[in-house]
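Listed here are the chains, written in short residue letters.
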Amino acid sequence: MTDDFLTRLPKAELHLHIEGTLEPELMFALAERNGVSLPYADIEAARQAYDFSDLQSFLDLYYQGMSVLVRARDFEDLAMDYFRRAAAEGVVHIEMHVDPQAHLSRGVALSEVMEGLTAACAKARSELDISTAMILAFLRDQPAADAMQLLEDSTPWHDHFSAVGLDSAERGNPPSKFQEVFARARELGLERVAHAGEEGPPSYIREALDELQVCRIDHGVRAIEDVELMERLADEGTVLTVCPLSNVRLKVVERLEDHGLPTLIDAGLVVTINSDDPAYFGGGMRDNFAACQRAFGWSNETLKWLAGNAIEAAFMDEERRQALRQRLVES
Ligand code: HPA
Ligand SMILES: [Zn+2]
């Protein structure tokens, strides 16, 4: 392991889609194992195809790529492959969004997904000293009734989920569409997070707060367009899980230097740095921190503050949080 500050920094990742960690190498290996055909001639051609114009152009390839995930073993390999890379760059805690609907629609049972992922999470803890949490994500471009059905059907695995989340195509699919589903999740004792203000307007961030009662906003970068909203987010201490390289690759911003992160921090918001879909967006947690350090000239103190925000906002037990606080002080 490289012994530099950014690697030593204990990084907790609060915004990651486990299906977005599928590197082309593993995609090809699993395609062969499962007899699935891919639209790419080779690994290099797959990487070349990752040239996105917006969220939807990414989602099309993201759903296509996961067609190679069929059996529990595939999901375990997917997660372990990522956990090993993450451990090597100093990631100590990972909260992963899981998109069951994207697998159910292909005839892959939830039991295959969960068996594989829970096995990997157990190994992450015992073999890599990485703690994990899972977020049951609903695809917002699918009907709310399907999300409700998934919430009920996933009852045997509710103990494995810390929260429910909302992802996929944002525009035209406001948080209010899922008000009842999130109310039910709350009744079941699950925390709530939602993607809002990535491509969608600031009003979606308000809706997520008011109608879904989320404790964190995933992305949330379009809050910079609404000063009152920024004040509210700062006052309420709502955590934003910002994904800098994702925002560049999906053209939410043209260049990282144009990103609203410094504005959000200056306005007093609690922001964290995350990788989103590292296999598709050109880098993991360390790369995201490094790119921000370069673009914004941030000091090590600022980077530590960001890493600390994630440790404080994570779904983890207090013993683990205390241990990670200590590692942060020593980094
Ligand atoms: O960045 C994202 N945004 C919305 N949905 C997603 N699903 C995977 N990644 C993303
Ligand atoms: Zn995301």
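It should be emphasised that the depicted structure is a prediction, and the values quoted were computed from it without experimental measurement.

A. Examining the overall build of the protein more closely. A tally of helices and strands in the protein yields 17 helices and 8 strands. Against the compact-globule benchmark of 20 Å for 331 residues, the protein has a radius of gyration of 18 Å, which places it among compact chains. In terms of overall dimensions, the protein has C-alpha extents of about 50 × 45 × 40 Å along its principal axes. For the protein, buried positions account for 48% of its 331 residues. Of all intrachain contacts in the protein linking residues separated by at least 6 positions in sequence, the fraction that spans at least 24 positions is 76%.

B. Fine view of the nonpolar core. Within the largest apolar cluster, 101 residues are counted, with the highest numbers of intra-cluster contacts made by Val98, Leu117, Ile135, Phe138 and Ala208. If you tally residues by element for this core, the top one is helix H5 (residues 72-88), at 7 residues. Leave out the neighbours within four places in its chain, and Leu117 touches Ile18, Phe75, Ala79, Val98 and Met134.

C. Representation of helix H9 (residues 179-187). The complete set of buried residues in H9 reads Val181, Phe182 and Ala185. Along the axis of H9, the buried positions cluster into a sector of 95°, meaning they face one direction only. Along its buried surface, H9 packs onto strand S3 (131-139), helix H8 (144-153), strand S4 (161-167) and strand S5 (191-196). Directly beyond the C-terminal end of H9, a positive phi value near 85° is found at Gly189.

D. Main features of the site of ligand 1. By nearness alone, every residue bordering ligand 1 is listed as His17, Gly20, Leu55, Tyr62, Asp167, Ser168, His195, Glu198, Ser246, Asp276 and Asp277. Looking at the shell around ligand 1, its residues break down into 2 nonpolar, 5 polar and 4 charged.

E. Looking closely at the pairing of strand S6 (residues 216-219). As judged from the 4 bridges shared by S5 and S6, these two strands associate in the parallel manner. The partner of Val193 across the bridge, within S6, is Arg216. In this region the chain leaves S5, passes through helix H10 (residues 202-211) and returns to the parallel neighbour S6; the handedness of that crossover is right-handed. Pairing analysis gives 3 bridges linking S6 to strand S7 (residues 239-242), with the strands arranged parallel. Residue Arg216 lies in a different strand from S7, and its bridge partner there is Val239.

F. Representation of unusual backbone geometry within the structure. Residues other than glycine seldom take positive phi values, yet Asp129 does so here, at roughly 55°. Mapped onto the elements, Asp129 comes out in the loop between helix H7 (110-128) and S3. We classify Asp129 as exposed; it has 11 C-beta atoms within 10 Å. Even without being glycine, Ser168 reaches a positive phi, approximately 75°. Here Ser168 shows up in the loop between S4 and H9. Taking the number of C-beta atoms within 10 Å as the measure of exposure, Ser168 has 21 and is therefore buried.

G. Layout of the environment of His17. Tracing the backbone through its elements, the reader meets His17 in strand S1 (residues 11-17). Residue class for His17 comes out buried when judged on the 28 C-beta atoms lying within 10 Å of it. Here His17 is in contact with His97, Asp99, Asp167, Asp276 and Asp277, once residues within four sequence places are set aside.

H. Spotlight on the UniProt feature "binding site: substrate" (unreviewed entry) in the protein. The positions that UniProt labels "binding site: substrate" (unreviewed entry) are, in the present scheme, Asp277. Within the secondary structure, Asp277 sits in the loop between strand S8 (270-273) and helix H14 (278-281). Beyond its immediate sequence surroundings of up to four residues, Asp277 is in contact with His17, Gly20, Tyr62 and Ser246.

I. Spatial organisation of H5. Here H5 is 17 residues long and its end C-alpha atoms lie 25 Å apart, about the 24 Å a rise of 1.5 Å per residue gives. Among all positions in H5, only Ala72, Asp74, Phe75, Leu78, Ala79, Tyr82, Phe83 and Ala86 are buried. Next to the buried residues of H5 lie helix H2 (24-34), strand S2 (91-98), H7 and helix H15 (285-296). Of the residues one or two after H5, Gly90 is the one with positive phi, at around 85°.

J. Structural detail: the UniProt feature "domain: Adenosine deaminase" (unreviewed entry) in the protein. UniProt annotation of "domain: Adenosine deaminase" (unreviewed entry) refers to residues 10-329 when read in the numbering used here. Secondary structure across residues 10-329 comprises 51% helix and 15% strand; the distance between its end C-alpha atoms is 10 Å.

About the thresholds
Residues numbered from 1 in each chain as written. Chains lettered and ligands numbered in written order. Predicted model: local features only at pLDDT ≥ 70, side-chain atom pairs only at ≥ 80, totals over all residues. Helix = DSSP H or I, 4+ residues; strand = E, 2+ residues; numbered from the N terminus. Rg over C-alpha atoms; globule rule 2.2 N^0.38 Å. Buried ≥ 20, exposed ≤ 12 C-beta atoms within 10 Å, placed from the backbone. Contact = placed C-beta atoms within 7 Å. Core = buried A, V, L, I, M, F, W, Y, C linked by C-beta atoms within 7 Å. Arc of directions from axis to C-beta. Near = placed C-beta within 6 Å. Nonpolar A, V, L, I, M, F, W, Y, C, P; charged D, E, K, R; others polar. Pairing = 2+ DSSP bridges. Right-handed = clockwise from strand over helix to strand, strands pointing away. UniProt positions renumbered as here; feature names shortened; annotations may be inferred. Expected span 1.5 Å × (residues − 1).

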